[in-house]
Amino acid sequence: MMDYLNQGLNQNKDSLESLAEEMNFQEEYVDEMNHEISYFLQKCSRLPTANHNDRNNYANMISVIQNLEDLSDECCSMMHSLCKFKKEAEEASLENQTKELIEYFNQVHIFYEQTCTYIALGLSEIDKVLLSDVEDKIDRTKRELKKASRKRIENGSNVKAELNYMDLVRKIEKAGDCIFGVIQAIQPNPGDSLLAAGS
């Protein structure tokens, strides 16, 4: 779904409708997967053989699944906001604003790809700190873009178009929050924890 958004940001408004339809289809599929996987993990956690650590691991996995589903919702909402933004933005400012949004979205997209690697391979406590810095950078960029947009409004820019722009910035940042939620739910590698305890 992040790839569809990347395509949408780089395409003109006339080609966004088909991407939005495909996103809606994918979002429904993710909802179904979230329900089925969460239900399965809950059943596993109630097995008589499941100990305390097992139940904690299942709870963390459910948290990962839920944050990914929240990310899916945000991506879908983002696509609808993108369609609105490109439809109503002024031609004179559309190119520069789109460039800003692409650069901001790329921060979140790279963050997402890094997180996918950590889901598969695990991560250390040091990785969590480094990724927290990435999330802070995403938050800072949001504040800078919103400040620039408010300044454009003060200078006479189209208020409705700027509000659409700020809504899109807010949703990109919220997608970053969902990704960071996944990071927080991933348990550190056991070896890393033992190393930290022994140091």
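Preceding block: the structure.
As the structure is a computational prediction, the values presented were derived from the model and not from experiment.

Peer 1: Describe the overall build of the protein, naming the residues involved and giving the relevant values.
Peer 2: Regarding its fold elements, the protein presents 7 helices and 0 strands. Traced from its N-terminal end to its C-terminal end, the protein shows the element sequence α-α-α-α-α-α-α. With the principal axes as the frame, the protein shows a C-alpha extent of 65 × 40 × 20 Å. The buried share of the protein, reckoned over its 199 residues, is 40%. Charge-centre separation for the protein: the mean point of 22 positive side chains lies 6 Å from the mean point of 35 negative side chains.

Peer 1: Residue-level account of the pattern of salt bridges, with values.
Peer 2: A side chain with one charge may pair with a side chain of the opposite charge, provided their charged atoms come close. As enumerated under the stated definition, the model contains 7 salt bridges in all. We note a salt bridge from Glu88 to Lys160, for which the minimum N-O separation is 3.8 Å. Residue Glu88 is found in helix α3 (residues 52-88), and its partner Lys160 is found in helix α6 (residues 159-185); the two are separated by 72 residues along the sequence. By relative accessible area, Glu88 is classed as partly exposed at 27%. Residue Asp167 pairs with Lys171 through a salt bridge whose shortest N-O separation is 3.4 Å. With Asp167 and Lys171 both in helix α6, this residue pair falls 4 residues apart, about one helical turn. Residues joined in a network through salt bridges with shared partners are Glu100, Arg152 and Glu162.

Peer 1: Summarise the nonpolar core; cite the residues concerned and give the values.
Peer 2: By size, the foremost hydrophobic cluster in this structure holds 40 residues, and its most contacted members are Met79, Phe85 and Leu101. Where this core is concerned, the elements lending two or more residues are α1 (2-9), α2 (16-45), α3, α4 (91-121), α5 (125-154) and α6. Per element, the largest residue contribution to this core is 12 residues, and it comes from α6. Ignoring sequence-local partners within four residues, the contact set of Phe85 consists of Leu94, Gln97, Thr98, Leu101, Ala161, Asn164, Tyr165 and Leu168.

Peer 1: Mind laying out the environment of Asn34, listing which residues take part and the relevant values?
Peer 2: Inspection of the secondary structure puts Asn34 in helix α2. Asn34 gets classed as buried once you look at its relative accessible area, which sits at 12%. Sequence separation between Asn34 and Ser157 is 123 residues, and the spatial gap between their C-alpha atoms is 42 Å. Excluding its chain neighbours within four sequence positions, the residues that come into contact with Asn34 are Ile65, Gln66 and Glu69.

Peer 1: Any chance you could break down the packing of α1 against α3 for me, citing the residues and the numbers?
Peer 2: Direction vectors running N to C along α1 and α3 enclose 10°, while the axes themselves pass 10 Å from each other. On the basis of the axis angle, α1 is roughly parallel to α3. Seen from α1, the contacting residues are Met2, Tyr4, Leu5, Gly8 and Leu9; seen from α3, they are Leu71, Cys75, Met78, Met79, Leu82 and Lys86. In terms of residue class, the contact of α1 with α3 is built from 9 nonpolar, 1 polar and 1 charged.

Peer 1: Describe the layout of surface pockets, naming the residues involved and giving the relevant values.
Peer 2: Counted as a void, the largest pocket has a volume near 360 Å³. Lining the largest pocket we find 17 residues, and of these Met1, Val30, Leu68, Ser72 and Tyr112 sit closest to its centre. Those elements that provide at least two residues to the lining of the largest pocket are α1, α2, α3 and α4. The element that contributes the greatest number of residues to the lining of the largest pocket is α3, accounting for 6 residues. When the residues that make up the lining of the largest pocket are grouped by side-chain class, the tally is 11 nonpolar, 3 polar and 3 charged.

Peer 1: An account of a nonpolar patch on the surface is requested, with residue identities and associated values reported.
Peer 2: On the surface, Tyr29, Met33 and Ile37 cluster together to form a nonpolar patch covering roughly 260 Å² of accessible area. As for its position among the elements, Ile37 is in helix α2. What makes Ile37 partly exposed here is its relative accessible area of 31%.

Cut-offs applied
- Residues numbered from 1 in each chain as written.
- Predicted model: local features only at pLDDT ≥ 70, side-chain atom pairs only at ≥ 80, totals over all residues.
- Heavy atoms only, no water.
- Helix = DSSP H or I, 4+ residues; strand = E, 2+ residues; numbered from the N terminus.
- Buried < 20%, exposed > 50% of the residue type's maximum accessible area, 1.4 Å probe, protein only.
- Lys, Arg positive; Asp, Glu negative; His and termini not counted.
- Charge placed at Lys NZ, Arg CZ, Asp CG, Glu CD.
- Salt bridge = Lys/Arg side-chain N within 4 Å of Asp/Glu carboxyl O.
- Core = buried A, V, L, I, M, F, W, Y, C linked by side-chain atoms within 4.5 Å.
- Contact = heavy atoms within 4.5 Å.
- Axes fitted to C-alpha atoms, helices over the stretch in contact; angles between N-to-C directions.
- Parallel < 35°, antiparallel > 145°, perpendicular 65-115°, else oblique.
- Nonpolar A, V, L, I, M, F, W, Y, C, P; charged D, E, K, R; others polar.
- 1 Å grid on protein atoms, 1.4 Å probe; cavity = no way out; pocket = protein on both sides within 12 Å on 5 of 7 lines; lining within 4 Å.
- Points joined across faces, edges and corners; volume = space filled by probe spheres on them.
- Patch = residues over 30% accessible without salt bridge, like charges linked within 9 Å, V, L, I, M, F, W, Y side chains within 5 Å.
- Areas by Shrake-Rupley, 256 points an atom, 1.4 Å probe, with all protein chains shown as cover.

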